[in-house]
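So the chains spell out like this:
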Amino acid sequence: MAEQLRLMAVHAHPDDESSKGAATTAKYVAEGVDVLVVTCTGGERGSVLNPKLDRPEVWADIADIRRAEMDAARDVLGVDQAWLGFVDSGLPQGDPLPPLPEGCFAAQEVEVAAGPLVRLMRQFRPHVVTTYDEEGGYPHPDHIMCHKVSVAAFEAAGDASRYPELGEPWQPSKLYYDIGFSKAKILALDEAMRAAGLESPYAQWLERWEDRPDKGPRITTRIECAEYFPVRDDALRAHATQIDPDGFWFQVPMDLQQRAWPTEDFQLARSLVDSPLPESDLFAGVRETAHVN
């Protein structure tokens with residue numbers, strides 16, 4: 001009997017699982033893959049970005065509301081989900097930046113913070129793990145810490161001498177970084193909007209692009225998942241405090257998105273299996289070695 005494929009997606013806050021790689025996870029769920037989303041923090045210090053919900057009673061109950069939003073998004077995506085239990089670090093503002101809040105996720109020792117994720121990896125036994133690159137996708141302290149903890153846990157989970165109290169060792173086969181935006185993707189969407197006679201929401205991004213590194217050359221793996229873009233957007237809207245349904249993320253018509261850039265993109269960061277690049281499947285090389293479908 002073939003073993004079931006298992007994918008673990010590690011994210012910093014509730015809503016990240018719906019804005020980063022969500023169509024990919026929905027695609028694999030539909031194909032019968034067992035997907036576990038790991039959420040490092042509760043998102044307690046997140047902003048209320050939906051003006052319709054920027055109300056005192058929402059702010060007063062934000063921690064519970066964000067957990068309920070995560071429950072709703074989880075159901076939309078069809079994934080299982082686990083909390084690591086750390087407290088949101090917030091996004092420091094100012095020059096110089098203020099110190100991190102005491103006890104928050106980004107202030108933890110990496111070796112300590114990786115422990116709960118090692119335990120989950122040994123329990124769930126993922127073949128593939130996805131997370132953020134060394135810059136966190138963007139430089140939020142929790143995103144950078146999520147990267148550090150994910151890499152540390154990936155490297156420790158299969159080592160019997162590390163964290164021996166946290167279960168039987170299990171070594172995931174592949175580790176990926178989500179590459180949400182590349183210059184080629186932004187250009188493709190911008191050009192498609194203009195060709196359709198629509199105002200592009202990416203004009204200012206492109207004007208400022210010289211100040212940003214292009215992560216496009218890092219992409220090794222493109223997952224065809226346009227069919228699941230509507231699922232991604234429904235999951236994102238489930239995080240009602242975190243997304244304005246009339247805002248930036250929903251300005252490009254769905255059919256145009258699906259035609260202009262039908263993939264979600266990743267960088268293969270670690271691999272213990274043979275998988276020639278470029279790839280079109282996160283489980284390339286795993287299916288053969290693990291005898292899975």
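See the structure above.
Residues numbered from 1 in each chain as written. Predicted model: local features only at pLDDT ≥ 70, side-chain atom pairs only at ≥ 80, totals over all residues. Heavy atoms only, no water.

J.: Explain the nonpolar core to me, using residue names and the numbers behind them.
T.: Counting 33 residues, the largest nonpolar core has Met8, Val10, Val38, Phe105 and Leu117 as its most contacted members. Secondary structure elements with two or more residues in this core: β1 (6-11), β2 (34-41), β3 (80-86), α5 (110-124), α6 (141-156) and β5 (174-179). By residue number, the principal contributor to this core is α6, which donates eight residues. In this view, Phe105 contacts Cys40, Thr41, Phe86, Val87, Ser89, Ala113, Asp142, Met145, Cys146 and Val149; residues no more than four positions away in its chain are not counted. Counting residues in each nonpolar core, the second largest holds 28 residues, with Tyr176, Ala226, Leu268 and Val286 among its members. (Core = buried A, V, L, I, M, F, W, Y, C linked by side-chain atoms within 4.5 Å. Buried < 20%, exposed > 50% of the residue type's maximum accessible area, 1.4 Å probe, protein only. Helix = DSSP H or I, 4+ residues; strand = E, 2+ residues; numbered from the N terminus. Contact = heavy atoms within 4.5 Å.)

J.: A description of the pattern of salt bridges should follow, citing residues and the corresponding values.
T.: If you walk through the whole model with that rule in mind, you get 21 salt bridges. Between Asp16 and Lys20 there is a salt bridge, and its shortest N-O distance comes to 3.0 Å. When sorted by exposure, Asp16 lands in the same class as Lys20, which is buried. When the shortest N-O distance is used, the salt bridge between Asp281 and Arg287 registers 2.6 Å. Owing to a relative accessible area of 15%, Asp281 belongs among the buried residues under this scheme. (Salt bridge = Lys/Arg side-chain N within 4 Å of Asp/Glu carboxyl O.)

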